[in-house]
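# Overview (structure and organization)
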Amino acid sequence: CALPIWNGGFDVVLGNPPWERIKLQEKEWFSTKSEEVMNAPNAAARKKAISKIKMDDPALYTEFRAAAREAEAESHLVRNGGRFKLCAQGDLNTYSLFAELFTQLLGTSGFGGIIVPTGIATDDSNSAFFGHLIQEERLVSLFDFENRERVLFPEVYYRMRFCLLTVCGVARSCQNPKFAFLALRVEDLSTQGQVISLSKDDINLINPNSKTCPIFHSYRDAEIV
């Protein structure tokens with residue numbers, strides 16, 4: 001959701017976008033359509049099973065090729081459309097594209113909050129985006145959670161890590177963004193030493209090449225490094 005202001009952007013943008021790869025996953029697509037493809041032990045066997053479907057069930061194969069073409073078209077548009085200059089690289093995922101979109105939608109003094117996988121700050125494919133947030137001092141905070149206790153998202157895989165990412169508009173300057181890592185509950189953010197501050201110089205010193213976010217279990221770990 002978003003609340004408009006009059007300076008060409010939004011005062012507040014909040015969201016929990018889909019976390020999906022923009023690439024057809026054959027095994028998932030055929031999960032309810034072909035047991036042979038779904039249960040294929042490897043990619044070669046899966047390709048052979050799909051070729052068999054081309055002969056045995058032309059209608060299903062046509063549907064499959066249409067879905068594959070749609071995914072290819074989406075990927076082409078994202079990579080070459082010029083809208084996503086920071087996240088349109090590597091294995092495309094909708095969550096990172098939405099994160100970049102949020103920064104584009106913000107007014108100069110606005111704030112945006114989004115729930116996305118922690119890979120937005122740690123994955124190499126997102127390093128340009130995260131590096132941009134740090135260099136432009138637009139990152140307010142990144143609070144990383146692990147779903148091990150399944151109290152936050154019961155249906156999500158227990159090892160999945162996600163974060164609360166807060167960004168600001170270009171007129172604001174966040175020189176010392178706050179971080180928390182491997183929290184299990186929201187209450188953990190109130191634990192002494194759990195939340196730390198890392199400046200642009202800190203991150204450039206620790207990860208000068210990758211520009212990705214360093215992970216620390218506590219304030220003490222960060223101080224030692």
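Here, every reference points to the structure presented above.
Residues numbered from 1 in each chain as written. Predicted model: local features only at pLDDT ≥ 70, side-chain atom pairs only at ≥ 80, totals over all residues. Heavy atoms only, no water.

## Examining the state of the cysteines
All chains considered together, the criterion is met by zero disulfides. Counting only cysteine sulfurs, C213 is the nearest neighbor of C163, a cysteine outside any disulfide, at a range of 9.0 Å. Residue C163 is classed as buried on the basis of its relative accessible area of 0%. C168 takes part in no disulfide bond, and the closest cysteine sulfur, belonging to C174, lies 3.4 Å away. (Disulfide = S-S within 2.5 Å. Buried < 20%, exposed > 50% of the residue type's maximum accessible area, 1.4 Å probe, protein only.)

## Overview of the packing of aromatic side chains
Applying the stated criterion to the full structure yields nine aromatic pairs. Centre to centre, the rings of F145 and F162 are 5.9 Å apart; their planes meet at 15°, and the pair counts as stacked. Linking F145 in strand β4 (residues 139-146) with F162 in strand β5 (residues 161-168), this pair joins segments that are 17 residues apart in sequence. Ring centres 5.0 Å apart and planes at 70° place the aromatic pair Y157 and Y158 in the edge-to-face group. Classification of Y157 by relative accessible area gives partly exposed; the value is 49%. One aromatic cluster is present, formed by W19, F145, F153 and F162 through successive ring pairs. (Phe/Tyr/Trp six-rings, centres within 6.5 Å; stacked < 30°, edge-to-face > 60°. Helix = DSSP H or I, 4+ residues; strand = E, 2+ residues; numbered from the N terminus.)

## Examining the environment of L142
Mapping L142 onto the fold places it in strand β4. Excluding anything up to four places from it in sequence, L142 contacts A121, F130, C163, L164, L165, K178, F179, A180 and F181. (Contact = heavy atoms within 4.5 Å.)

## A word on the nonpolar core
Membership of the largest hydrophobic core comes to 35 residues, with the highest contact counts inside it found for I120, F129, F130, L142, L165 and F179. If you list the elements that add at least two residues to this core, you get α5 (94-105), β3 (106-117), α6 (119-122), α7 (127-135), β4, β5 and β6 (178-183). By residue number, the principal contributor to this core is α5, which donates five residues. Ranked by size, the runner-up nonpolar core spans nine residues in total, among them W29, A49, L60 and F64. (Core = buried A, V, L, I, M, F, W, Y, C linked by side-chain atoms within 4.5 Å.)

## Comments concerning the packing of helix α3 (residues 43-56) against helix α4 (residues 58-80)
Between α3 and α4, the shortest axis-to-axis distance is 6 Å and the interhelical angle comes to 125°. Classified by the interaxial angle, the pair formed by α3 and α4 is oblique. Residues I50, I53, K54, M55 and D56 of α3 form the contact with α4, whose participating residues are P58, L60, Y61 and F64. Its residues assigned to classes, the contact of α3 with α4 shows seven nonpolar, no polar and two charged. (Axes fitted to C-alpha atoms, helices over the stretch in contact; angles between N-to-C directions. Parallel < 35°, antiparallel > 145°, perpendicular 65-115°, else oblique. Nonpolar A, V, L, I, M, F, W, Y, C, P; charged D, E, K, R; others polar.)

## Digging into the pairing of β4
Burial analysis of β4 places seven of its eight residues in the buried class, the great majority of the element. Pairing of β4 with β5, which is carried by seven bridges, proceeds in the antiparallel orientation. Counterpart to E146 in the pairing with β5 is R161. Both β4 and β6 contribute to a ladder of four bridges, which runs parallel. By the bridge assignment, F143 is partnered in β6 with A180. (Pairing = 2+ DSSP bridges.)

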